[in-house]
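# Inside the fold
The residues making up each chain are set out below.
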Amino acid sequence: MNLELSPEDLAFRDEVRAFLESALTPELRDAGRRTTSVFTDARYSLAWQKILFAKGWVAPSWPKEYGGTGWNEMQRYIFARECARGGAPGLAPMGLRMVAPAIMRYGTEAQKSHYLPRILSGEDYWCQGYSEPGSGSDLASLQLRAVSDGDDYVLNGSKIWTTHAHFANRMFCLVRTRFEGKPQAGITFLLLDMASPGITVKPIVTLAREHEVNQVFFDNVRVPKAYRLGDENNGWTVAKYLLEFERGGGSAAGLKVSLARLHAIACTEPSDDGTVLIEDSHFVAKLAEIEILIDAIEMTEHRVMSALASGNNPGPASSMLKMQGTEAMQRLDELVIEAVARYGCVEQPEARAPGSNVEPIGPEHSLFAMPRYLNNRAASIYGGSNEIQRNIIATLVLGL
Ligand SMILES: Cc1cc2nc3c(=O)[nH]c(=O)nc-3n(C[C@H](O)[C@H](O)[C@H](O)COP(=O)(O)OP(=O)(O)OC[C@H]3O[C@@H](n4cnc5c(N)ncnc54)[C@H](O)[C@@H]3O)c2cc1C
């Protein structure tokens, strides 16, 4: 695969760089740099989304008819790389990257024209209501009841680990509409309003002392049947389609930025023999190993992007990308902890918050090492654990 930039690509890259230079405020860059998990605080990611929306660059992977940029695969790669390089905050994926493709595929014309523009502009902020207490890997066992009552469903039960439910005004949600027969054949996919009476969002604070995930309770919540995506009891098909997009998103650009950050840390942090880590051949060998893995992920991402450009969904390659991308991320975190071990456990949530003026104890990079390490342990669990991804590959690719 040829990743050399042509003169046209170089001109496009310069155009993107010039735009980022002028559009990314110091506050946004700071929020991007301080993100210790996959999701940037919604206040900053939405501010950035609005700027990209005004420019027409918010959804490079969407078809042009719905508001995509019409860029080719190389342009999309360049844009992702430049955003990561420039320190742009990440955009929340639940709307733009996850529910939007499902609405395009399974939505009615009315649903498409209502939801897609609101996702693009950031007017709607989505969360994902799949997992329940007791139903994660075995998602088909989910129990949130949706009982038919006239033109509505009435929902009772709860969802858990719901990322950013406290920011979201919409949830895409899997509910049980049939209790007998095969579990997969009794699930329905709903698009619901988080302001509906009977919904309560309770925070779950993580080991890194951050509030990102929640438990969401449903107490006789009425959801109009018009908010259903796809047919009743056919939600499993929609859910699986969406998961391919959740798992197949690009990560190489971000991983390369993290690798560069680790490299910079290794140039300053001392090694056991009294020099700096970058002169320690054992540490350098570990850097080389992770760099090779990231290059391989980047190539696979290009193959998946080619498939998407020709109108295909990612398929099982998304499982491979999810697994490799999250394992590379965790390996990078481990190496950062190895490099900054002297400071790694220092607890300073107030010093690392976006916009904070609190002076950190130790070098600034040590502030983010432990929260990133702890938060990213979850990366091989959420979106379907990596063991489950290996099962998918074994079944769909190896035919086992
Ligand atoms: C930080 C975070 C954010 C999340 N955000 C969301 C969200 O926004 N929305 C949402 O719906 N969910 C979310 N989740 C939930 C996530 O999808 C589930 O945690 C995940 O699917 C695993 O389910 P579980 O936690 O019930 O673990 P379990 O399914 O109980 O798994 C426990 C362990 O057993 C292993 N295991 C289970 N079954 C098998 C098998 N068949 N073969 C081999 N190994 C197996 C798993 O890999 C895991 O190691 C989030 C989770 C985390 C940690």
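A brief report on the enclosed structure follows. None of the values given here were measured: they were computed from a predicted structure.

## A short note on the environment of Gln330
Residue position: Gln330 is located in helix α10 (residues 317–339). Gln330 gets classed as buried once you look at its relative accessible area, which sits at 8%. C-alpha separation for the pair Gln330 and Asn376, spaced 46 residues apart in sequence, amounts to 6.3 Å. Among all residues touching Gln330, those that are not within four sequence positions of it are Asn376, Arg377, Ala379 and Ser380. A polar contact is formed between the side chain of Gln330 and the side chain of Ser380, at a distance of 2.9 Å.

## Comments concerning empty space enclosed by the protein
Within the structure shown, the criterion is met by one cavity of 30 Å³ or more. The computed volume of the largest cavity comes to approximately 70 Å³. Considering the residues around the largest cavity, the lining is formed by Gln49, Ala92, Met94, Gly95, Leu96, Ile119, Gly122, Asp124, Tyr125 and Trp126. Looking at the lining of the largest cavity element by element, the count peaks at three residues for helix α5 (residues 93–106).

## Thoughts on unusual backbone geometry
Look at His164: it is not a glycine, yet its phi comes out positive at around 60 degrees. Classification of His164 by relative accessible area gives buried; the value is 3%. In this model, Arg209 sits at a positive phi of 60 degrees, which is unusual for a non-glycine residue. Mapping Arg209 onto the fold places it in the loop between β6 (199–205) and β7 (211–224).

## Re a nonpolar patch on the surface
On the surface, Leu396, Val397, Leu398 and Leu400 cluster together to form a nonpolar patch covering roughly 470 Å² of accessible area. Mapped onto the secondary structure, Leu396 falls in helix α13 (residues 386–396).

## Here we look at the packing of helix α1 (residues 7–23) against helix α3 (residues 42–55)
Where α1 meets α3, the axes come as close as 12 Å, and the angle between the chain directions of the two elements is 135 degrees. Taken as axis vectors, α1 and α3 run oblique relative to one another. Relative to α3, α1 is oriented so that their crossing is right-handed. Contacts from Phe19, Leu20 and Ala23 of α1 reach α3 at Trp48, Ile51, Leu52 and Lys55. Among the residues making up the contact of α1 with α3, the classes are represented as six nonpolar, no polar and one charged.

## Comments concerning the layout of surface pockets
Empty space within the second largest pocket amounts to approximately 420 Å³. Forming the walls of the second largest pocket are 21 residues, and the residues nearest its centre are Thr36, Asp41, Glu210, His211 and Pro354. Taken together, the elements giving at least two residues each to the lining of the second largest pocket come down to β7 and α11 (349–352). Residues of the lining of the second largest pocket, tallied by class, amount to seven nonpolar, seven polar and seven charged.

## A look at the pattern of salt bridges
Counting across every chain of the model gives 21 salt bridges. Residue Arg13 is joined to Asp14 by a salt bridge in which the shortest nitrogen-to-oxygen separation is 3.2 Å. When the shortest N-O distance is used, the salt bridge between Lys256 and Glu298 registers 2.8 Å. With Lys256 in helix α8 (residues 252–266) and Glu298 in helix α9 (residues 281–309), this pair connects stretches of sequence that are 42 residues apart. On the basis of relative accessibility, which here comes to 31%, the residue Lys256 falls in the partly exposed class. A relative accessible area of 5% places Glu298 in the buried class. Residues participating in the shared-partner salt-bridge network are Arg17, Arg81, Glu82 and Arg85.

Reading the values: rules and limits
- Residues numbered from 1 in each chain as written.
- Predicted model: local features only at pLDDT ≥ 70, side-chain atom pairs only at ≥ 80, totals over all residues.
- Heavy atoms only, no water.
- Helix = DSSP H or I, 4+ residues; strand = E, 2+ residues; numbered from the N terminus.
- Buried < 20%, exposed > 50% of the residue type's maximum accessible area, 1.4 Å probe, protein only.
- Contact = heavy atoms within 4.5 Å.
- Polar contact = N/O pair within 3.5 Å; in protein donor to acceptor, adjacent residues only side chain to side chain.
- 1 Å grid on protein atoms, 1.4 Å probe; cavity = no way out; pocket = protein on both sides within 12 Å on 5 of 7 lines; lining within 4 Å.
- Points joined across faces, edges and corners; volume = space filled by probe spheres on them.
- Patch = residues over 30% accessible without salt bridge, like charges linked within 9 Å, V, L, I, M, F, W, Y side chains within 5 Å.
- Areas by Shrake-Rupley, 256 points an atom, 1.4 Å probe, with all protein chains shown as cover.
- Salt bridge = Lys/Arg side-chain N within 4 Å of Asp/Glu carboxyl O.
- Axes fitted to C-alpha atoms, helices over the stretch in contact; angles between N-to-C directions.
- Parallel < 35°, antiparallel > 145°, perpendicular 65-115°, else oblique.
- Left-handed = near helix turned anticlockwise from the far one by under 90°.
- Nonpolar A, V, L, I, M, F, W, Y, C, P; charged D, E, K, R; others polar.

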